[in-house]
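Residue-level listing of the chains:
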Amino acid sequence: GQQLNQSPQSMFIQEGEDVSMNCTSSSIFNTWLWYKQDPGEGPVLLIALYKAGELTSNGRLTAQFGITRKDSFLNISASIPSDVGIYFCAGGSGTYKYIFGTGTRLKVLA
Amino acid sequence: NAGVTQTPKFQVLKTGQSMTLQCAQDMNHEYMSWYRQDPGMGLRLIHYSVGAGITDQGEVPNGYNVSRSTTEDFPLRLLSAAPSQTSVYFCASRPGQMNTEAFFGQGTRLTVV
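The structure displayed is predicted, hence computed values, not measured ones.

**Q** Quick rundown of the sheet that holds strand 3 (residues 19-24) of chain A? Include the residues and the values.
**A** Residues and elements named next belong to chain A. Strand order across the open sheet formed by five strands is 1-3-8-7-6, with antiparallel pairing between neighbours. Only two strands of the sheet have a single partner each, and these edge strands are strand 1 (5-7) and strand 6 (55-58). Pairs of neighbouring strands in the sheet enclose a mean axial angle of 15°, with direction left out of account. Here strand 3 pairs with strand 8 (residues 71-76) via six bridges, running antiparallel. Of the residues in strand 8, the one forming a bridge with Val19 is Ile76.

Right, here's the structure in full:
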């Protein structure tokens, strides 16, 4: 089945650093979603994007809907230890079903 | 608010056994879904329901059955468990088909030996 490619797969960063990750697809999507998943928990929706070129923030998180509609980006500014976890993207199309990315595992070094 | 509640949280089955994973939501959402999560892969849709009495197959439906007799509950049944069904299962709900997939349960970690 179709899956989205997320990059990087994992990353170690120092506390206070900014983080960037992206999600790419060969297909066009109408919606891009970004989630965070903590160990033993379900995904929690962070940001939803509905329009090509849209830039949306949620606290220290900023996400963008790529102009080509085939990619999306998530930035975390001034990372803190509680940012550790797995970040997933998901793309939605006209079928109202979502395709999920493989995840970026973030580890923050204090 | 309870949100989306899944039970059990952990389960070990022997090959060939059957069981039902429970999912309940208290938000009066019409749309509910089941996903499985495997290492190195994104969530994959198993089955979904757009409302009580209506279900349909997702990307990986083989080996699973669902029913939706009430708005609140959406159980997932494994008829004859196989090791390939070892996974973490997530139930999700949203107000309607056009809404964002925003509410997930905490997951059921299933091991089939």
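Still more to cover.
**Q** So what's going on with the pairing of strand 1 (residues 4-7) of chain B? Which residues, and what values?
**A** Residues and elements named next belong to chain B. The side-chain alternation of strand 1 yields one buried face, formed by Val4 and Gln6, and one unburied face, formed by Thr5 and Thr7. The pairing of strand 1 with strand 3 (residues 19-25) spans four bridges and is classified as antiparallel. By the bridge assignment for strand 3, Thr5 is matched with Ala24.

**Q** Outline the side chain of Gln85(B), supporting the account with residue identities and numerical values.
**A** Secondary-structure assignment places Gln85(B) in the loop between strand 8 (76-78) and strand 9 (87-94). If we ignore the near neighbours within four places in the chain, the residues touching Gln85(B) are Arg36(B), Asn62(B), Gly63(B), Tyr64(B), Leu78(B), Ser80(B), Leu110(B) and Val112(B).

What counts, and at which threshold
- Residues numbered from 1 in each chain as written.
- Chains lettered and ligands numbered in written order.
- Predicted model: local features only at pLDDT ≥ 70, side-chain atom pairs only at ≥ 80, totals over all residues.
- Heavy atoms only, no water.
- Pairing = 2+ DSSP bridges.
- Helix = DSSP H or I, 4+ residues; strand = E, 2+ residues; numbered from the N terminus.
- Axes fitted to C-alpha atoms, helices over the stretch in contact; angles between N-to-C directions.
- Buried < 20%, exposed > 50% of the residue type's maximum accessible area, 1.4 Å probe, protein only.
- Contact = heavy atoms within 4.5 Å.

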